[in-house]
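# Results of the structural survey
As a plain string of letters, each chain reads:
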Amino acid sequence: MRYSAMLLLLLLPGIGRAFELMKWERIPLQVPLTVGQERIVFVDKNVRVGFPPALSERLRIQSSGGAVYLDAKTAFPVTRLQLQNKENGEIILLDVSASEGKVMREPVRIVYGDDVQNSDIPATSSEENEGASPSARKNMHKSRTQKAESLPLNTPLPVLLTRYAAQSLYAPQRTVEPVPGIVPVSLRLPDTLSMLLPLEPVEVRPLAAWQLMSSSVVALQIRNRSSGTVVLDPREVTGRFIAATFQHRWLGKAGSPEDTTVLYLVTEGHPNTAFIDEPRQAIPGTRRREKQ
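Just so you know, these numbers come straight off a predicted model, no measurement behind them.

## Notes on the sheet that holds strand β9 (residues 91-99)
Ordered by their spatial adjacency, four strands build an open sheet running β3-β9-β8-β5, and the pairing between neighbours is mixed. Either end of the sheet is taken by a strand with one partner, and the two such strands are β3 (29-34) and β5 (47-50). Strand-to-strand twist of the sheet, defined as the mean angle between neighbouring strand axes without regard to direction, takes the value 30°. Direction of pairing for β5 relative to strand β8 (residues 76-85): antiparallel, over a ladder of four bridges. Each bridged residue has a counterpart across the sheet, and for Arg-48 the counterpart in β8 is Gln-84.

Spelled out as C-alpha cells, the structure:
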C-alpha cells in the first residue's frame, strides 16, 4: 500500500485563494501557526477572543468582521483560545501552536452544522453507464477524457479527488468546486468493512465514491465502538490504496459527539477491487464433511 501525505485545501468558487475547511463539532480545532506569518481564521460570526495571559507577548490577536487574525511572534506549545459568539454566547475552541519555519499556512474557514450536508449520503448509482452500449460507453469515455484535459496541471489527482469528496459531504452545495470529468460511482461493497482497520475497535461503512479518469475516491464513515479514545493512523489501513486521509485525527468514546469521522481512500481503477475480501460467515447448522 502506498500513502501520500496531503494537505486538504478546499478552494471556494469565486475566491482566488485556498482555505483549510474545518467543521466545528465541539471538538477543539487544531490551528498550527508559523512564526512571523499571519494566519486568518474565518469564523463568520461576531466573536470575542479569550486567551491566557501567557500568550500576550507571544501572539498578536485581532478580531474584525467575523475573522480572527493570528500572528505568532515566537514559538509556543499548544494553547487553547476561546471564541465566544457575542450574540448567543456559544464558545468555539481553537488549539493553537506556533513553530519556526517556512511552512505557508492557508487561511482557515470554520463551517457549522447548519451549513453541512448529511454525511450519510448513499452512493449515487451510475447504472446508466453500465447499461449503455459499447459505442455509447466509448463516446462517454471520450467526453470525460476531453473534459479532464482542462484540469489544473499543478494539482495532484489524489488531492483533487479527496478535496472534491470532502466538499461534497461537508461543505454547503454552493461552495463545492466543480471538477470537469468527475462522475459518481456505484459501490458494491458490504454494509460494513471489518478488514479495513482490523486492529481498531471501529465500525466502517461505505458512504459514496467518485471517479476521475483512471482513479477513484471512496468516502467511508468511521465510528468508534469502544469506551476509549481511538487515534487514527493511515498506516493501519489495509488494502490497495494510493492515499488515505482522515477528516479528524482521533475519535471520542462511543456515544459521544466525537465518535464518528470520515475516511477518504484514493484508488486506481474501480474502488470495489481495492478492498480486502470480508471473511465468509459460516452458515448455521452446517459442518465440514469429513474425509472417509
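## So, the sheet that holds strand β17 (residues 260-268)
Judged by pairing direction, the sheet is antiparallel, and its five strands sit side by side in the order β11-β12-β13-β17-β15 without closing on themselves. Taken across any chain shown, the strands that pair with only one partner, and hence form the sheet edges, are β11 (183-184) and β15 (243-246). Relative to β17, β15 is paired through four bridges, and the arrangement is antiparallel. Within β17, the position partnered with Phe-246 by the bridge is Leu-263. Contacts from helix α3 (residues 157-170) reach β12 (202-212), β13 (215-224), β15 and β17 within the one sheet, and its direction differs from that of β17 by about 145°.

Rules and cut-offs
Residues numbered from 1 in each chain as written. Predicted model: local features only at pLDDT ≥ 70, side-chain atom pairs only at ≥ 80, totals over all residues. Heavy atoms only, no water. Pairing = 2+ DSSP bridges. Helix = DSSP H or I, 4+ residues; strand = E, 2+ residues; numbered from the N terminus. Axes fitted to C-alpha atoms, helices over the stretch in contact; angles between N-to-C directions. Contact = heavy atoms within 4.5 Å.

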